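# Inside the fold
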Amino acid sequence: MSGGVTTVAQRASDARVRAEIVASFDLFLDVPVGRGMIHVYTEANTTPFRDGVSRLIGEANTDAGTAIDQRRRGRVQISEIRLIWPVGEGVEAHGGLLDATGFLDVSRIANDENLFFLGVPFVNNPTIEFPDYALGVALAGNVPGSETVRFAATLSSSHGIADNPNVSYTQLLDVGETGKGVFGGMTLRWVGADRRVSLGGWINSADHERLDGTGSGGASAGVFSVAGWFRGEHSLSARAGLARPSVSTAHAFLGLTWLWMRRPDALGLAIGRSFPSPDAEDAEAVMHAEAFVRRRLFGEVFVTGSIQRIHNSRFDGSGATVAARLWVPGVRLSALF
């Protein structure tokens, strides 16, 4: 059993955005079952303010609002419960309620919003239309006959818990409901002594409206890559992605993150740019940068100071809701167990 509690305080340079403090709780439990294991992930969130940073500037806090009910109030929920079963040498099968991001878009230094970057594009590639926690299966492990090439593949419903209108578990079972489809993805990862490079593709077959307003556009799909280099205390990670422009507002993404870590302390810098589809009228590219310094207070308790710079939040500055150019400073307190 392991887990943690994370509390984030943030404010924005736009006075119309309410400063807020949000908290989350994570609990991971692995129960042996024969040759395999059942993995259970339980999480809880406090309720974000309607006019707060995490609601109006969605890119600023990946950790906020991941467990909410239909009224957008924080709750306790079981986000993952899946069976893990070995099916070959170095290969495992997963089935149940799962998170596809944990199999495909994996970075050594940019996936953990509890200890590293808070900005959404520095946790997962914004061009990939991942479902929330959804019913599905996955297969991951070493490519047979190779010790340096790994693979992962996943197939799930296109709609997870938070993607359904009622944010309910019962709607997870309605996989054939009108407008729903499947999400599928696969990646190959080359692992070396000081580098990792992956290349993958994905498809979300749920019906999408064309951005130019001409009707149904069918499925969304794309390709992505993650490359990482590390030497001593320094790590560098680059992300890139392309998505189908007729139905995907985030048509392309490029991002770079750097981490200097002298355990247990760390310093991180990141910059990313999301390019809008040419079919998305009046949309402008989103530029996002983040810097953080993390220090250990005692034991497994850490404090992190961060500053983010965001241009054109959600591609249009959210209209009159927030300014087109924003500073978002914050402080994060993380306690692991």
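Let me begin by describing the structure that accompanies this report.

About the thresholds
- Residues numbered from 1 in each chain as written.
- Predicted model: local features only at pLDDT ≥ 70, side-chain atom pairs only at ≥ 80, totals over all residues.
- Heavy atoms only, no water.
- Salt bridge = Lys/Arg side-chain N within 4 Å of Asp/Glu carboxyl O.
- Helix = DSSP H or I, 4+ residues; strand = E, 2+ residues; numbered from the N terminus.
- Phe/Tyr/Trp six-rings, centres within 6.5 Å; stacked < 30°, edge-to-face > 60°.
- Buried < 20%, exposed > 50% of the residue type's maximum accessible area, 1.4 Å probe, protein only.
- Patch = residues over 30% accessible without salt bridge, like charges linked within 9 Å, V, L, I, M, F, W, Y side chains within 5 Å.
- Areas by Shrake-Rupley, 256 points an atom, 1.4 Å probe, with all protein chains shown as cover.

## A closer look at the pattern of salt bridges
Across all of its chains, the model carries eight salt bridges by this definition. Close ionic contact of Asp-51 with Arg-18 constitutes a salt bridge, the shortest N to O distance being 4.0 Å. Of this pair, Asp-51 sits in the loop between β3 (36-45) and α1 (53-56) while Arg-18 is found in the loop between β1 (2-10) and β2 (20-33), placing the two residues 33 residues apart along the sequence. As a salt-bridge pair, Asp-194 and Arg-231 come within 3.8 Å of each other at their nearest N and O atoms. Of this pair, Asp-194 sits in the loop between β8 (182-191) and β9 (195-209) while Arg-231 sits in strand β10 (residues 216-231), and the two are 37 residues apart along the sequence.

## Thoughts on the packing of aromatic side chains
Counted according to the given criterion, the structure contains seven aromatic pairs. With 6.3 Å between their ring centres and 20° between their planes, Phe-183 and Trp-202 make a pair best called stacked. A residue pair is termed long-range when its members are at least 10 positions apart, and Phe-183 in strand β8 and Trp-202 in strand β9 qualify at 19 residues. Across the pair, Trp-202 and Phe-183 agree in class, each one buried.

## Re a nonpolar patch on the surface
Among the surface-exposed residues, Met-1, Val-5, Phe-25, Leu-29, Val-31, Val-33, Leu-83 and Phe-337 lie close enough to one another that they form a single nonpolar patch of about 680 Å² accessible area. The element contributing the most residues to the nonpolar patch is β2, with four residues. Looking at the secondary structure, you find Phe-337 in the segment after β16 (325-336). Classification of Phe-337 as partly exposed rests on a relative accessible area of 47%.

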